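Inside the fold
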Amino acid sequence: MRRSRLAAIGLAAATFAATAAGLVLGAPSATAALSGNWYAAAPYLMPQSNNPPDPVTVMNATGLKAFQLAFILAPNGGGCSPTWDGTSAVSADTTVTEVISRIRGAGGDVSVSVGGYGGTKLGQTCGTVAATAAAYQQVITQYSLKAIDFDLEEPEYENTAAIANELGAAKTLQANNPGLFVSVTMPGTAAGTGWFGTQLLDQAKSIGFTPDNFSIMPFDGGFTGGSSQVSALEAFHGLLMSHLGWHSATAYAHEGFSGMNGKSDAAEVFSTADFQTVYDYATGHGLGRLTFWSVNRDRACVGTTDNGVCSNVPQNDWDFTRFSVRFAGATPPQTTPTTTPTTPGGGSCAAADWDRTKVYVKDDVVSHNSHQWTAKWWTQGEEPGTTGEWGVWQDNGAC
């Protein structure tokens, strides 16, 4: 599950110099914790590679308040000290510190993700639960974190001792940092997750560890759009019940989705319509998390097809991020167009008038301002003709 995470590692790391005021030495100033729904919705962002966008630009355009910064790894040369991408020691960091300070200065916050697909993980090198927890505690303390994500993938995912270190460390951090939001992310399959994933669930149960959610990544495994991902999520729901002994509602509340926007490494394609399908399932069943890889990719490809820095599907900038905003319970900012485009052939205005308080779903038709409109996906309170680039309503023309 490469997820294009290191595809553009050779690109110069963005420093956001155009908007940054300068480096901030030491830990970024703490901010009041956001509500948990923002950490549950935070999409992944690589702050030092894959041509990172300016996070404040993304926040201003979408209303997003939280990012999942990736990834904390063991040093490439070995050892038990936390680094960014295996190369930049957290203890000497200034670049990510500045990114976090800017996000917090704009009213947002971050979670930090440890692990991922590439590199060596601290659970593999630290040797014990206590040493692994101490390494991650350095990250929490350095950045005054209120949330952390354990992204447990190959090859660590298949290493029983390493997974025991990671889950034991997660439980320790949860106990030592009251209120810390903890997510666990693992590969997804058509059956929900594979054998190693079920072993991970069994290990968590055996040590009495319950994170805020267990999330699967249903991509790079022969998936065909949102419906196949929903099927995997439903299968994973069954695994949460059978392996952890949870009732259905508890399992849904502790279940999460971590998708890949656009074209995956395995040439699967996940469009905004596919994300809408998963979003509807997630909100309809009360899932505890909805995130994706990555904000770095949440833009159309211009002059490149590098899967690490663009989605390779038709989209406007940050279209996928807006699902995160909606999952957190907020409404993405709307842009009112100067003129309302008209598509001929709308027919008579026989449909009922649009109602601001009503929930509409895909293919619902309404009348508004002498035009007829069709909903592209779930919506409430988004006025036809005034949604700008978010474009939930298709204008069928004057009537």
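Not measured: the values here are computed from a predicted model.

What follows covers helix 3 (residues 95–105). Counting buried positions along helix 3 gives nine out of eleven residues, so the element sits mostly inside the fold. Among all positions of helix 3, only Val 96, Thr 97, Glu 98, Val 99, Ile 100, Ser 101, Arg 102, Ile 103 and Arg 104 are buried. Contacts made by the buried residues of helix 3 are with helix 2 (55–62), strand 2 (66–73), strand 3 (83–84), strand 5 (109–116) and helix 5 (129–143). Of the residues trailing helix 3, Gly 107 is marked for its positive phi of about 95°.

Below, the discussion takes up the packing of aromatic side chains. Under the counting rule described, the total for this entry stands at 15 aromatic pairs. Ring centres of Phe 275 and Phe 323 lie 6.0 Å apart, and the angle between their planes is 55°; this geometry places the pair in the tilted category. Here Phe 323 lies in helix 11 (residues 321–327) and Phe 275 lies in helix 10 (residues 272–285), a separation of 48 residues in the sequence. On the accessibility criterion, Phe 323 (1% relative accessible area) is buried. Pairwise contacts between aromatic rings join Phe 257, Phe 275, Tyr 279, Phe 292, Phe 320 and Phe 323 into one cluster. In this structure, Arg 326 packs its charged tip against the face of Tyr 279, placed 4.5 Å from the ring centre.

Another aspect to go through is the confidence of the model for the chain. A residue-level look at the chain finds 87% of positions with pLDDT of 70 or above and a mean pLDDT of 88. The model gives residues 5–25 a pLDDT under 50, and that stretch makes 48 contacts with residues more than four places away or in other chains. Confidence over residues 336–347 falls short of pLDDT 50; this stretch has 27 contacts with residues more than four positions distant or in other chains.

Of all eight residues in strand 5, eight are buried, a share of seventy percent or more. Two elements, strand 2 and strand 5, share six bridges in a ladder whose sense is parallel. Counterpart to Phe 67 in the pairing with strand 5 is Val 110.

What follows covers the pattern of salt bridges. For the structure on display, the rule yields four salt bridges. With a closest N to O distance of 2.4 Å, Arg 102 and Asp 54 form a salt bridge. You can see Arg 102 sitting in helix 3 and its partner Asp 54 sitting in the loop between strand 1 (44–45) and helix 2, a full 48 residues away along the chain. One exposure class covers both Arg 102 and Asp 54, and it is buried. In this structure, Arg 322 engages Asp 319 in a salt bridge whose closest nitrogen and oxygen atoms are separated by 3.5 Å. The same class applies to Arg 322 as to Asp 319, namely buried.

Rules and cut-offs
- Residues numbered from 1 in each chain as written.
- Predicted model: local features only at pLDDT ≥ 70, side-chain atom pairs only at ≥ 80, totals over all residues.
- Heavy atoms only, no water.
- Buried < 20%, exposed > 50% of the residue type's maximum accessible area, 1.4 Å probe, protein only.
- Helix = DSSP H or I, 4+ residues; strand = E, 2+ residues; numbered from the N terminus.
- Contact = heavy atoms within 4.5 Å.
- Phe/Tyr/Trp six-rings, centres within 6.5 Å; stacked < 30°, edge-to-face > 60°.
- Lys NZ or Arg CZ within 6 Å of the ring centre and 35° of its normal.
- pLDDT = per-residue confidence, 0-100.
- Pairing = 2+ DSSP bridges.
- Salt bridge = Lys/Arg side-chain N within 4 Å of Asp/Glu carboxyl O.

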